[in-house]
Amino acid sequence: MEPTIDANAADTATPPSGLTLLDSFLQRDGVSDAVSDALRTIREAIVDDALGDRPFLTVLLRTQGRRLEPIKDALLCLAAQTDQDFEVVIIDHDSTESGAQGVRRVVESQPASFRTRIRIVEVVGGTRSTPLNAGIKVAAGRYIAVFDDDDLLFADWVERFHEASDTAGTRLLRAQTATQNARPEVWTGGFEGQRSLSWPHSAYAPTFDQIQHLRVNHSPFMSWAFPRGLFSQLGLTFDEALDVCEDWDMILRASLLVGVEDLPALTSIYRRWEGAATSYTVHSTDIWRASEKRVIDRLDDSAIILPQGSVSEIRELLAVYEHKDDDRDAMAQYRLMLTSRSWRWSIPLRILRNRFVRVRGTILHNWNRLHASRSGNRDGTVQNR
Amino acid sequence: MSRSLTVQSILYGNEPQAIVRAAEATANSARLARADDLIGEWTLAIGDCSPTPVFDAESAAEIETLVTEAGGVFSYTVFGENLGHGGGHNRLAPLTSSDLILILNPDAQVGPDTIGRLADTVRGDVALADGRQLPLEHPKDYDPVTGDESWASGACSMTVRSVFEEVGGFDHETFFMYCDDVDYSWRVRLAGHRVVFAPSARVFHDKRLTTDADIIPTSAEIYYSAEAAVFLAYKYSRQDLVNKILTAFRNEPDDVYRRVVAAYDERVASGTLPQPLDSLGKVAQFINGNYAEHRY
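Analysis parameters
- Residues numbered from 1 in each chain as written.
- Chains lettered and ligands numbered in written order.
- Predicted model: local features only at pLDDT ≥ 70, side-chain atom pairs only at ≥ 80, totals over all residues.
- Helix = DSSP H or I, 4+ residues; strand = E, 2+ residues; numbered from the N terminus.
- Buried ≥ 20, exposed ≤ 12 C-beta atoms within 10 Å, placed from the backbone.
- Contact = placed C-beta atoms within 7 Å.
- Rg over C-alpha atoms; globule rule 2.2 N^0.38 Å.
- Domains from an automatic or database assignment.
- Nonpolar A, V, L, I, M, F, W, Y, C, P; charged D, E, K, R; others polar.
- Expected span 1.5 Å × (residues − 1).
- Pairing = 2+ DSSP bridges.
- Axes fitted to C-alpha atoms, helices over the stretch in contact; angles between N-to-C directions.
- pLDDT = per-residue confidence, 0-100.
- Core = buried A, V, L, I, M, F, W, Y, C linked by C-beta atoms within 7 Å.
- Parallel < 35°, antiparallel > 145°, perpendicular 65-115°, else oblique.
- Left-handed = near helix turned anticlockwise from the far one by under 90°.

1. Looking at the overall build of chain A
- In terms of helices and strands, chain A carries 15 helices and eleven strands.
- Counting the 385 residues in chain A, one finds 40% classified as buried.
- Of all intrachain contacts in chain A linking residues separated by at least 6 positions in sequence, the fraction that spans at least 24 positions is 80%.

2. Here we look at the overall build of chain B
- The secondary structure content of chain B amounts to nine helices and eight strands.
- Against the globule reference of 19 Å for 296 residues, chain B gives a C-alpha radius of gyration of 19 Å, in line with a compact fold.
- Considered along the principal axes of its C-alpha atoms, chain B spans approximately 55 × 45 × 40 Å.
- Burial statistics for chain B: of 296 residues in total, 50% are counted as buried.
- In chain B, 81% of the contacts between residues at least 6 apart in sequence involve partners at least 24 apart.

3. A word on the domain arrangement of chain B
All names here are of chain B.
- By domain assignment, chain B separates into domain 1 (5-205) and domain 2 (219-270).
- The gap between the C-alpha centroids of domain 1 and domain 2 is 28 Å.
- Contact residues are listed per partner, giving nine residues for domain 1 and seven residues for domain 2.
- Per-class residue counts for the side of domain 1 that touches domain 2 are seven nonpolar, one polar and one charged.

4. Notes on helix α4 (residues 114-121) of chain B
- Counting buried positions over the eight residues of α4 of chain B gives eight, a clear majority of the element.
- All of the buried residues in α4 of chain B are T114, I115, G116, R117, L118, A119, D120 and T121 of chain B.

5. Quick notes on the environment of G80 of chain B
Residues and elements named next belong to chain B.
- Position of G80 among the secondary structure elements: in the loop between β3 (72-78) and α3 (84-92).
- You can call G80 exposed: it has 12 C-beta atoms within 10 Å.
- Separated by 33 residues in the primary sequence, G80 and G47 have C-alpha atoms spaced 9.7 Å apart.

6. Examining the environment of V160 of chain B
Residues and elements named next belong to chain B.
- Tracing the chain through its elements places V160 in strand β7 (residues 156-160).
- For the pair V160 and V122, spaced 38 residues apart in the sequence, the C-alpha separation amounts to 7.4 Å.
- In this structure V160 touches L100, V122 and A127, once residues within four positions along its chain are discounted.

7. Re the environment of F238 of chain A
All names here are of chain A.
- Considering the arrangement of structural elements, one finds F238 in the loop between α9 (229-232) and α10 (246-258).
- Taking the C-alpha atoms as reference points, F238 and D262, 24 residues apart in sequence, are found 22 Å from one another.
- Those residues in contact with F238, other than ones at most four positions away along the chain, are S129, L132, N133, E246 and M250.

8. What to know about the interface of chain A and chain B
- Opposite the 36 residues of chain A that make contact, chain B presents 28 residues.
- Listed by contribution, the elements that provide at least two residues to the side of chain A that touches chain B are α3 (68-79), β6 (152-153), β7 (172-187), β8 (191-196), β9 (201-202) and β11 (260-273) of chain A.
- Per-element tally for the side of chain A that touches chain B: the top contributor is α3 of chain A, with six residues.
- Split by residue class, the side of chain A that touches chain B holds 20 nonpolar, eleven polar and five charged.

9. Some details on helix α7 (residues 219-235) of chain B
Residue and element names in this part refer to chain B.
- The end-to-end C-alpha separation of α7 is 24 Å, in line with the 24 Å expected for 17 residues at 1.5 Å each.
- For α7, the tally of buried residues reaches twelve of 17 residues, placing the bulk of the element in the interior.
- Its buried side turned inward, α7 meets α6 (180-190), α8 (239-250) and α9 (255-270).
- Looking one or two residues past α7, S237 carries a phi angle of roughly 60 degrees, positive in sign.

10. What about unusual backbone geometry?
Residue and element names in this part refer to chain B.
- At the junction of L134 and P135, the peptide bond is cis and its omega measures out at -5 degrees in the coordinates.
- Mapping P135 onto the fold places it in the loop between β6 (126-134) and β7.
- For C179, which is not glycine, the phi dihedral falls at a positive 70 degrees.
- If you trace the backbone, C179 turns up in the loop between α5 (161-166) and α6.
- Within the chain, D278 stands out as a residue other than glycine whose phi angle is a positive 50 degrees.
- Looking at the element boundaries, D278 is found in the segment after α9.

11. Remarks on the sheet that holds strand β4 (residues 100-104) of chain B
Residue and element names in this part refer to chain B.
- The mixed open sheet is built from eight strands, whose spatial order is β3-β2-β1-β4-β7-β6-β8-β5. Each edge of the open sheet carries a strand with a single partner, namely β3 and β5 (108-110). Pairwise comparison of adjacent strand axes, ignoring direction, gives a mean angle of 30 degrees for this sheet.
- The pairing of strand β1 (residues 5-11) with β4 spans four bridges and is parallel. Counted as the bridge partner of T6 is I101 from β4.
- Packed on one face of the sheet, helix α2 (residues 57-69) meets β2 (42-48) and β3 and runs near 150 degrees to β3.

12. Focus on the pairing of strand β5 (residues 143-146) of chain A
All names here are of chain A.
- Burial of the side chains of β5 extends over both faces: Y143 and A145 are buried on one face and I144 and V146 on the other.
- As judged from the four bridges shared by strand β2 (residues 57-63) and β5, these two strands associate in the parallel manner. Within the sheet, the bridge partner assigned to T58 lies in β5 and is I144.
- Where β5 meets strand β10 (residues 224-227), two bridges bridge the pair, whose relative direction is antiparallel. Following the sheet pairing, I144 is matched in β10 by F226.

13. Some words on the confidence of the model for chain B
- Averaged over chain B, the pLDDT score is 97; the fraction of residues at 70 or greater is 100%.
- Across the assembled chains, the prediction reports ipTM 0.96 with pTM 0.85.

14. So, the nonpolar core
- Membership of the largest hydrophobic core comes to 162 residues, with the highest contact counts inside it found for A145 and L173 of chain A together with L102 of chain B.
- When residues of this core are sorted by domain, at least three fall in each of domain 1 (5-205) and domain 2 (219-270) of chain B.
- Apart from residues no more than four positions distant in its own chain, L173 of chain A is found in contact with Y143, F161, A164, S165, A168, W224, A225, E261 and L263 of chain A.

15. Observations concerning the pairing of strand β4 (residues 118-124) of chain A
All names here are of chain A.
- Across the seven residues that make up β4, a large majority, six, are buried.
- By the bridge criterion, six bridges tie strand β3 (residues 86-93) to β4 in an arrangement that is parallel. Each bridged residue has a counterpart across the sheet, and for I91 the counterpart in β4 is V121.

16. A look at the packing of helix α1 (residues 16-35) of chain B against α2 of chain B
Residue and element names in this part refer to chain B.
- Two elements in contact, α1 and α2, have axes separated by 9 Å at closest approach and are oriented at 10 degrees. With respect to their mutual orientation, α1 and α2 come out roughly parallel. The residues of α2 that touch α1, namely those facing P16, V20, A23, E24 and A27, are S59, E62, I63, L66 and V67.
- Grouping the constituent residues of the contact of α1 with α2 by class yields seven nonpolar, one polar and two charged.

17. So, the packing of α7 of chain B against α9 of chain B
Residue and element names in this part refer to chain B.
- It is the contact of α7 with α9, at a shortest axis distance of 9 Å, that shows an interaxial angle of 40 degrees. For the element pair α7 / α9, the angle class is oblique. Remark: the crossing between α7 and α9 carries right-handed chirality. Contact residues: S219, I222, Y223, A226, E227 and V230 in α7; V256, Y257, R259, V260, A263 and Y264 in α9.
- Its residues placed into classes, the contact of α7 with α9 shows nine nonpolar, one polar and two charged.

Structure follows, in structure tokens:
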């Protein structure tokens, strides 16, 4: 079934008046992709000129409308941010009618100054990537972050991203995330809530390591803020052929394109659910493997640039691998290196990277155009603009 | 007829716009609770213990507008002295006469249905209920069916005024900054009422973690929590614990713990320690340094 998107279901935001005509063209059926993309680029240029005051951040909040208590938690975390320079796009994916009504009621109950910055986009069909692409299409923020409805934020989540954006150039912003175990619980009054089972645990590397992330994702989605130019200028989209791993795929492609700025702050909590349906339990091992393969295959099809220091890191990994038969502890060393050593290395490397950021920027500018063009030729999702 | 409510907050050097945002959330929640007939008339009463008042005329007017539009009354009282958490709330409480009182931290922001859920919980033999804090949920255990718990957090808890008056409010003379809520909860329970956790009443309490997921307390927080630990053990007839804690504190190299010992000795000398309660240990819980069984 073709996915359908209703961005007007409960759209409380008012587009700039001069854009109405353009928007009406964009919403028409039968407009070719090329024309649509061109119009969208023009629209963004107009919005930039006309508003000049885009919100700093668009928060894409995915929900399926099944359990309303967690999304209330999520919205309260946003309402309480110390930096309110953001909008929220709730992407209600495959909700039942009653679920969708529930989500609308939750939004309607929010305080006015917050409610007016929330839009609901209702999406039917597609994969976990489909709602993300729908959200990006309507996002106005200079950065875009994804926050799922069952996780939690500290009050400085937006503020820290905002501060870092002042010096990060075009790099992705990456903050730290804790994990916390929880399980569903029916609360007094029959409300379908949850019970926290552990103190938050700092489980992820404090600094980003590109090589490690090629192996497995070490950064939950809400750790990141993506510059809008990745989507609006370079044309990146979430891969809708992926059933899972859509976050990892975007993190890898985007970080390889523009690099990463680490924030020395823990600003969110990723809940690990026990006894609840999650993407880990809903999808089979085969689907996970197939998605992982697609992510890696796609990168294998591309030329990539690795960050400074990667050559030494790869050499050391290979050295350990080559001697794995000589030392029964080799794999233990390998794991140790993956979990600690390269993080330590990255500190001086990051200093070096900052020194060369201007040179890198020039190289990346040229290389990005090449990469975007090649990708666009292959799957039609990335355009060279 | 629906019960009336006063929401009480005590300020000390807060950032005005953060309080305005919290006030908007409170007004919104009260408006929804009124619409559901869970509360009737309501007041937002803010007491200010800061050396310099937090609000100027503009920010006070902004809050007044928000509260008035939600059908409430706003009052702002500048105390001109630091009365502490419990002392401030005790001073505010007689200024209104509502049926219910919501004790709310100034850095806490309620959700839309928080006031309604708490008001719906504080009925019958339940005299005190606290909300669930985000993003760091308090680990104290609770009965998943009834919500019964050892104590309710003063960050966001609703109580019945008649019970507040019956037990004498907060013991601000013993507890300046911490454990006044534990003590209040235990006295409410000693008086035969129930204290319950209302997890569906959510409240955002701005707490942060280090990158190692730890909390680094300030020196004031260390001092007052250590002092409260000694006084709470004394007040609930656990002289054995008092002796144990004081011995440990005397051996601590950090001066802050020796100051706690000195404060205790001074109270002993001046005869100003509180009257011991709960000699049979009916309500008080001292478990691994906590005042309830913790889930984690």
